[in-house]
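Descriptive structure summary
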Amino acid sequence: MHLAQLNVAHLREPLDSPALAGFLAALEPIYQVSDSAPGFVWRMQEGDLPTDMIQHDYGSLLLVNLSVWESRETLWNFAYRSAHLEVMRRRREWFHRMAEPYMVLWWVPEGHLPAVDEAMARLSVLRAEGAGPEAFTFREFYESSEAACRPAAAEVRK
């Protein structure tokens, strides 16, 4: 099993705003760090340029980041023990503070590349029900063995 992660952020201003120039400038170097990080498997990309944002139906001011990692440790090391941390510390300059969860983790079979709708459904489960084997956080983490013995949230609702 691999660990999928989604995080979303509500922009303070449109992407072409001068206030977001620092964020946009940080994308290419951070993607280089993530893409070469140990344990990195995949990240969703919309185009060839680092500033090509993932297209979705959730509003133009919502940014989506979706990736897959080999383990909790490898994702944690990228997020909190690399140059990514310095960029993340500046997030309040570019994004609104969110009162609800904005990041979700879940296990996927090796080779599975989740779609945005699948990821947003996981985030909805976390927001509605709290952490569980099908949608969790770093703080309230579930091992892949715990998730594997439970049906996916989508299957439960059928």
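Below you will find a few notes about this structure. Since the model is a prediction, treat every value here as computed from it, not as a measurement. (Residues numbered from 1 in each chain as written. Predicted model: local features only at pLDDT ≥ 70, side-chain atom pairs only at ≥ 80, totals over all residues. Heavy atoms only, no water.)

To continue, consider the pattern of salt bridges. Under the definition given, this model contains four salt bridges. Arginine 43 serves as the salt-bridge partner of aspartate 35, at 2.9 Å between the closest nitrogen and oxygen. Owing to a relative accessible area of 34%, aspartate 35 belongs among the partly exposed residues under this scheme. Classification of arginine 43 as buried rests on a relative accessible area of 11%. We note a salt bridge from glutamate 86 to arginine 89, for which the minimum N-O separation is 2.6 Å. (Salt bridge = Lys/Arg side-chain N within 4 Å of Asp/Glu carboxyl O. Buried < 20%, exposed > 50% of the residue type's maximum accessible area, 1.4 Å probe, protein only.)

We now examine the nonpolar core. Generally speaking, soluble globular proteins have nonpolar side chains that are buried together. Judged by nonpolar contacts, the single largest core of 20 residues is most densely connected at Leu6, Val8, Leu66, Val104 and Trp106. Those elements giving two or more residues to this core turn out to be strand E1 (2-10), strand E3 (62-69), strand E4 (103-108) and helix H5 (116-129). Ranked by residues supplied to this core, first place goes to H5 with six residues. The contact partners of leucine 66, leaving out residues within four places of it in the chain, are Gln5, Leu6, Trp42, Arg43, Met44, Ile54, Trp106, Pro114, Ala115, Val116 and Ala119. One finds Leu3, Trp69, Leu105 and Phe136 within the second-largest nonpolar core, a separate group that totals 14 residues. (Core = buried A, V, L, I, M, F, W, Y, C linked by side-chain atoms within 4.5 Å. Helix = DSSP H or I, 4+ residues; strand = E, 2+ residues; numbered from the N terminus. Contact = heavy atoms within 4.5 Å.)

Both the distance between ring centres and the angle between the ring planes are used here to describe each pair of aromatic rings. In the structure shown here, the tally under the stated rule is eleven aromatic pairs. Centroid distance tryptophan 76 to tyrosine 80: 4.3 Å. Interplanar angle 40°. Geometry classified as tilted. On the criterion of helical spacing, the pair formed by tryptophan 76 and tyrosine 80 is a turn pair, its members being four residues apart in helix H2 (residues 72-80). The exposure class of tryptophan 76 is partly exposed, given its relative accessible area of 28%. Judged by relative accessible area, tyrosine 80 falls into the partly exposed class, the value being 30%. Consider the rings of phenylalanine 136 and phenylalanine 141, whose centres lie 5.0 Å apart with planes at 80°: the pair is edge-to-face. You'll find phenylalanine 136 and phenylalanine 141 in the same group, each marked buried. Among the aromatic side chains, those forming a connected cluster through ring pairs are Trp107, Phe136, Phe141 and Tyr142. (Phe/Tyr/Trp six-rings, centres within 6.5 Å; stacked < 30°, edge-to-face > 60°.)

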